[in-house]
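Letter by letter, the chains look like this.
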Amino acid sequence: MNTAAAFADFRTYPLISALAGVQALTDRVLVKWADDRVSPFHHQWLRDNCPCPLCVYTVTREQVLEIVDVEENLLPAETSVDAEGCLCVAWQDGHRSRFDPGWLRAHAYDDESRAERRAGKPQARLWNSDLQLPVFDYAALMNDNDALLQWLLAVRDIGLTQVRGVPTEPGSLKLIAQRISFIRESNFGVLFNVQSKADADSNAYTAFNLPLHSDLPTRELQPGLQFLHCLVNDAEGGESIFVDGFAIADALRQEDPEAFQALCEIPVEFRNKDRHSDYRRLAPIIALDASGQVSEIRMANFLRGPFDAAVEQMPKLYRAYRRFIAMTREPRFRLMQRLNPGELWCFDNRRTLHARNAFDPATGARHFQGCYVDRDELLSRILVLQR
């Protein structure tokens, strides 16, 4: 039997409860914990997750075993708990596996353990017009990883934050965005300048009001995070408006479940083209994850193509779409604030819809810079900072 644990996962797992015993059954192993919980582990699951150096390359910590290369009906010859409290399995083909109890408990799939994990997962904190806006200091975020972590957790859980004290030199935005990860480039560039211009290729580059929307709904994957950094803002008007799209979807699910279902199931096409590009994406306005929770809002009326739905679905889609847009205009959901030079917004573009009031360029200059970072990079950075 292996005497040293060679565990694949480099993260540490706390010992929530020690192994109290193990019992081999026909198709699974029953693990009994000191807190009286019982967790079944099927033989294939245990063999598939063997962390030994023959099954996992220790340098990359990536699995090399493919379960199809193991006999489907492989059985343990012996199961035991060793002196270090690890589950040990000697297989009939001679292979040996050893499982750390902290790792095993963290991945147990009995009903109680799975419910515990679901309850422990980060939950979106829905907000409305009464939101106490989370505000962070630029210098602290650039120099203190603890402050950085608190900012990123707020972005993840609330979806809207403000940073103050940011230098107003063009390009300064890149430095703070890269505290998270690399910037996602688009056809608008790595950094894009939000200014009114005569040859605008987007309504964002005009003085018009912009209705509530997510950026780049025309893409298969909308950008996860959006940054908007104010360099100059002397023009009258142009206030920023935000709503929590998840909160609106939640209210719609409760107040009008038929409309909610329509926006989850009937796809809508979004289009954006200029001289050099032509982007199109067909997708529902509300996307759900595997557990049925809202994971994404896709919305930009000024980039929407004509609805293409079945005859019997068209009235249902229009009713739902009108209801959703009307809800984004309700004062209960809307937060409005002017952004000043040296301040920036960082928000979840796949959750928090943003808008801008019209402004008058004759009254002064207005220059914002923006960029995108994918949501995956945010979540990865949080996990690394939490180690």
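The name recorded for the protein in an unreviewed UniProt entry is Gamma-butyrobetaine dioxygenase, from Pseudomonas silesiensis.

A.B. asks: Looking at this model, I keep getting lost on the confidence of the model for the protein. Mind explaining?
C.D. replies: In regions of low pLDDT, the predicted coordinates are not meant to be interpreted in detail. Predicted confidence across the protein gives a mean pLDDT of 93, with 95% of residues reaching 70 or more. With pLDDT under 50 throughout, residues 1–5 is counted as low confidence; its partners more than four residues away or in other chains account for eleven contacts.

A.B. asks: What am I meant to see in the sheet that holds strand β7 (residues 87–91) here?
C.D. replies: Whether parallel or antiparallel, the strands of a sheet pair through hydrogen bonds between backbone atoms. Pairing is antiparallel across the open sheet formed by three strands, whose spatial order is β6-β7-β8. Looking at which strands have only one partner, the edges of the open sheet turn out to be β6 (76–81) and β8 (96–99). Geometrically, the sheet is characterised by an average inter-axis angle of 15° between neighbouring strands, direction not taken into account. Direction of pairing for β6 relative to β7: antiparallel, over a ladder of five bridges. Within the sheet, the bridge partner assigned to Val81 lies in β7 and is Leu87.

A.B. asks: Could you clarify how one ought to interpret the domain arrangement of the protein in this entry?
C.D. replies: Accessible area lost during the coming together of the parts is what is often quoted as the interface size. The domains assigned to the protein are domain 1 (19–115) and domain 2 (135–386). Computed from C-alpha coordinates alone, the two centres of domain 1 and domain 2 are separated by 44 Å.

A.B. asks: Would you mind going over the environment of Leu160 with me for this structure?
C.D. replies: Checked against the element boundaries, Leu160 lands in strand β10 (residues 160–164). Judged by its relative accessible area of 0%, Leu160 falls in the buried class. With residues near it in sequence (within four places) discarded, Leu160 still touches Trp127, Leu131, Leu133, Pro134, Phe242, Trp345, Cys346, Phe347 and Thr352.

A.B. asks: Help me out: how do you make sense of the pattern of salt bridges in this one?
C.D. replies: Any two side chains of opposite charge can pair, on the condition that their charged atoms come close. All chains considered together, the criterion is met by 21 salt bridges. Asp374 is the partner of Arg184 in a salt bridge, and the nearest nitrogen-oxygen pair spans 2.9 Å. In this pair, Arg184 sits in the loop between α6 (172–177) and β11 (192–194) while Asp374 sits in the loop between β24 (366–373) and α10 (375–386), placing the two residues 190 residues apart along the sequence. Judged by relative accessible area, which is 17%, Arg184 ranks as buried. By relative accessible area, Asp374 is classed as buried at 19%. Beyond isolated ion pairs, a larger network of salt bridges with shared partners links Glu255, Asp256, Glu258, Arg319, Arg323, Glu330 and Arg332.

A.B. asks: How should the nonpolar core be read in this particular structure?
C.D. replies: Residues Leu252, Leu263, Ile285, Ile286, Ile297, Met299 and Phe324 are the most contacted members of the largest nonpolar core, which totals 33 residues. If you list the elements that add at least two residues to this core, you get β15 (240–244), α7 (245–255), α8 (257–265), β16 (268–273), β19 (294–297), α9 (314–328) and β22 (352–356). Filtering out sequence-adjacent residues up to four positions away, Leu252 remains in contact with Pro257, Ala259, Phe260, Leu263, Ile286, Arg323, Phe324 and Met327. Of all hydrophobic cores here, the second largest spans 28 residues; its members include Leu173, Ala177, Phe227 and Leu344.

A.B. asks: Honestly, a positive patch on the surface in this entry has me stumped. Any pointers?
C.D. replies: A contiguous patch of positive charge on the surface is contributed by Arg114, Arg117, Arg118 and Lys121. Positionally, Arg117 belongs in helix α3 (residues 111–120).

A.B. asks: Help me understand the packing of aromatic side chains, please; the structure alone is not making it clear to me.
C.D. replies: What characterises a pair of aromatic rings is the spacing of the ring centres plus the angle enclosed by the ring planes. Applying the stated criterion across every chain, the model contains eleven aromatic pairs. Pairing Phe192 with Tyr372 gives two aromatic rings, centres 5.1 Å apart and planes at 40°, and the pair type is tilted. Pair noted here: Phe192 is in strand β11 and Tyr372 is in strand β24, with a separation of 180 residues, a long-range link. Grouping residues by exposure puts Phe192 and Tyr372 together as buried. Measuring from centroid to centroid gives 5.3 Å for Phe307 and Tyr321, while their planes differ by 85°, and the two rings are edge-to-face. With Phe307 in the loop between β19 and α9 and Tyr321 in helix α9, this pair connects stretches of sequence that are 14 residues apart. Like Tyr321, Phe307 is buried. Ring pairs connect the aromatic residues Phe41, Trp45, Phe99, Trp103 and Tyr109, which therefore count as one cluster. Positioned over the ring face of Trp33 is Arg105, at 5.1 Å from the centre of the ring.

What counts and how
- Residues numbered from 1 in each chain as written.
- Predicted model: local features only at pLDDT ≥ 70, side-chain atom pairs only at ≥ 80, totals over all residues.
- Heavy atoms only, no water.
- pLDDT = per-residue confidence, 0-100.
- Contact = heavy atoms within 4.5 Å.
- Pairing = 2+ DSSP bridges.
- Helix = DSSP H or I, 4+ residues; strand = E, 2+ residues; numbered from the N terminus.
- Axes fitted to C-alpha atoms, helices over the stretch in contact; angles between N-to-C directions.
- Domains from an automatic or database assignment.
- Buried < 20%, exposed > 50% of the residue type's maximum accessible area, 1.4 Å probe, protein only.
- Salt bridge = Lys/Arg side-chain N within 4 Å of Asp/Glu carboxyl O.
- Core = buried A, V, L, I, M, F, W, Y, C linked by side-chain atoms within 4.5 Å.
- Patch = residues over 30% accessible without salt bridge, like charges linked within 9 Å, V, L, I, M, F, W, Y side chains within 5 Å.
- Areas by Shrake-Rupley, 256 points an atom, 1.4 Å probe, with all protein chains shown as cover.
- Lys, Arg positive; Asp, Glu negative; His and termini not counted.
- Charge placed at Lys NZ, Arg CZ, Asp CG, Glu CD.
- Phe/Tyr/Trp six-rings, centres within 6.5 Å; stacked < 30°, edge-to-face > 60°.
- Lys NZ or Arg CZ within 6 Å of the ring centre and 35° of its normal.

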